[in-house]
Amino acid sequence: MALTPEGSSVPLPAPADPLPALKVGFDGRVPPLQLSVMTVQNIFAVTGMFLFPAVLGTSLHLALSVVAELYGATFIVTGIGTVINSAFGLRLPVVLGPWAPMLSGLISGAKIAGLGGAFGSMFVASLIWVVLSIPFAGFSVVASLGRLFRAPVLYGGVILILMTSLTDVTVVNWIGTPGTAAFGKASWIGGGIALVVTFAILALSRGPVRSVAMLCGIAAGVIAYALLGHVSFARVGTSPWLFDFHLFPFGFSVNPVLVVLFFLLLMTSVSNSLALYNVTGEWSGTELGGRRMAWGILGQSVAAVAASVFGSFSSTTYPSNLAIVRASRVGSRWVTVTTGIVMIVGGSILKFDAIFVSIPSNVIAASAIILFGVLAMSAVESLSRVAWDQLNFLVLGPAFMISIGGLFISTATLAEFPLIVRQILSQPLLDGPVLLVLLHLLVNHVIRPRFAATAEPAVAASVPVPSGAPQVIA
């Protein structure tokens, strides 16, 4: 069978009586009790909301009151983006969450131009992405990029790179770091129980309980953690009631170099989301158009603008929440709309935020290992649709090796490079997707068609002339 022009996929025979990936479609609804429990579970799954404000505060020596407001702003901004992308335009069951590369970018930017300069530069970069993602009737940059990302080698490859790089968020965070309060048998055993319970429910159950496997795992893990260690909710009592809104709380200035840096970091969140949009559409048999995906990136970019204004993190489509969708087979976007609303309301009440922040992050990370693994295998499933040959090996192989290899470059080595180069080398979702797209365009849009064109005359020349047919002698 001939390859398609892009060498992206070949038709595969359907298995006998295939089960749909989703039992509840995007526009479907679930009972109120299941809706409520899945909403809470979705909030727990956004681990960045509980980790990043504390990491930023510790790295930059911010006051505890400032860190508390960072938590509120993060909840609110995440909720805004989630509601926009679940209810309007994109209309997929996605939850947005703080983007890890942006955390390192803000820390680096703050050391150069202060937090005011970092957030001001992020604001300008976010506005650029808003313009690029507007789905104009004639042409949209992001819509064109979205159409390109329909190739399984691209969206499957990006998700595989993402899941491999996120072992730092899951496995490493579960094990912990020596010298910290979260390092020890309480975290290991509590996280282990959370992992086993999550796995057991997903493997053995077939009813509605399957849709709350992660929440059940976290609950069991926290109980074990409390018996062996210490879980304190004292933060709830000391936290203020309401979030005190301030526009640009750290001031406002713009640094051109940081604008470029944040534009590139936002580009990584765009490629992540486009890949996840496509694999989510695949679960329901829906081919998403470029304009629909552009609406999703527009909502995400608007949320990034809001994050800059409130002093928080830009967000992206969160893989752990989509892993819940795949594992539970419940794809209702009304679950994620409700999740976003609760985040917005809850983020305005700092005591509400403190409840979630008090849960040991090691336990949450351990439970997420199962769900991230499910999503990684979904990427493998998508990649199985690729017509694998020597050329497509050259598309994904180098991009995967270079992007993941950057994780192993030592800090001392990275320190020898300029800021933007350091970020590119250390962020798999920055160099990996860009290299993957460039190689896909080069190999499948330039090299492969030329090979096909030169092969056709040779094939024609090798066809035998039927006996009795007139022969033309040159």
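Higher on the page you've got the structure.
Below: a short report on this structure. (Residues numbered from 1 in each chain as written. Predicted model: local features only at pLDDT ≥ 70, side-chain atom pairs only at ≥ 80, totals over all residues. Heavy atoms only, no water.)

## Concerning the overall build of the protein
Worth spelling out the cut-off: Helical segments are the DSSP runs of H or I of at least four residues, strand segments are the runs of E of at least two, and each set is numbered from the N terminus. Between the two quantities, the radius of gyration covers C-alpha atoms and the globule rule is 2.2 Å times the number of residues to the power 0.38. Only protein chains enter the accessibility calculation, which uses a 1.4 Å probe; a residue is then buried when its area is under 20% of its type maximum, exposed when over 50%, and partly exposed in between. Note on contacts: a residue pair is in contact if any heavy atoms of the two residues lie within 4.5 Å. Methods summary: accessible areas were calculated by the Shrake-Rupley approach with a probe of 1.4 Å, and residue burial reflects only the protein chains presented. When charges are counted, neither His nor the chain ends are considered; positive counts come from Lys and Arg and negative counts from Asp and Glu. The atoms used to mark charge sites are NZ of Lys, CZ of Arg, CG of Asp and CD of Glu.
Scanning the protein from terminus to terminus reveals 20 helices and two strands. In summary, the protein has a C-alpha radius of gyration of 24 Å against a globular reference of 23 Å for 474 residues, a match within 12%. Principal axes of the C-alpha set define a box for the protein whose edges measure 95 × 55 × 45 Å. For the protein, the residues scored as buried account for 53% of the 474 residues in total. Residue pairs in contact within the protein that sit at least 24 positions apart in sequence constitute 85% of those at least 6 positions apart. For the protein, the exposed area adds up to about 20100 Å²; of that, 72% sits on carbon and sulfur atoms. Charged side chains in the protein number 20 positive and 14 negative. The centres of these two groups are separated by 7 Å.

## Considering empty space enclosed by the protein
We apply this condition: Here a cavity denotes a set of grid points, spaced 1 Å apart and computed over the protein atoms alone, in which a 1.4 Å probe fits but from which it cannot get out, and a pocket denotes an open set meeting protein on both sides within 12 Å along at least five of seven lines; residues with an atom within 4 Å of a point are reported as lining. Grid points are joined across faces, edges and corners, and a volume is the space filled by probe spheres set on the points. Throughout this entry, Asp, Glu, Lys and Arg are counted as charged residues, while Ala, Val, Leu, Ile, Met, Phe, Trp, Tyr, Cys and Pro are counted as nonpolar. The remaining residues, Gly among them, count as polar.
Under the criterion given, the structure shown has three cavities of 30 Å³ or more. Approximately 60 Å³ is the volume attributed to the largest cavity. Together, Met38, Asn42, Pro93, Asn321, Ile324, Val325, Val330, Ser332, Val335 and Thr336 line the largest cavity. At the level of secondary structure, the elements contributing two or more residues to the lining of the largest cavity comprise helix 1 (32–45), helix 13 (319–328) and helix 14 (333–347). With three residues, the single largest contributor to the lining of the largest cavity is helix 13. A per-class count over the lining of the largest cavity returns six nonpolar, four polar and no charged. Reported here for the second largest cavity is a volume of approximately 50 Å³. Breaking the lining of the second largest cavity down by element, the ones donating at least two residues are helix 11 (256–284) and helix 12 (290–310). For the lining of the second largest cavity, the per-class residue count stands at four nonpolar, five polar and no charged.

## Digging into the pattern of salt bridges
The following threshold applies: The salt bridge criterion pairs a side-chain nitrogen of Lys or Arg with a carboxyl oxygen of Asp or Glu, the two atoms within 4 Å.
Under the counting rule described, the total for this entry stands at four salt bridges. Measuring nitrogen to oxygen at the nearest pair gives 2.7 Å for the salt bridge that ties Arg333 to Asp27. Here Arg333 is found in helix 14, whereas its partner Asp27 is found in the segment before helix 1, with 306 residues between them in sequence. Asp27 gets classed as exposed once you look at its relative accessible area, which sits at 55%. Close ionic contact of Glu287 with Arg150 constitutes a salt bridge, the shortest N to O distance being 3.6 Å. Taken together, the positions of Glu287 in the loop between helix 11 and helix 12 and Arg150 in the loop between helix 5 (141–148) and helix 6 (152–165) put the pair 137 residues apart, joining distant regions of the chain. For Glu287, a relative accessible area of 66% translates into the label exposed. For Arg150, a relative accessible area of 29% corresponds to the partly exposed category.

Fair warning: the whole summary comes from geometry, so function is off the table for now.
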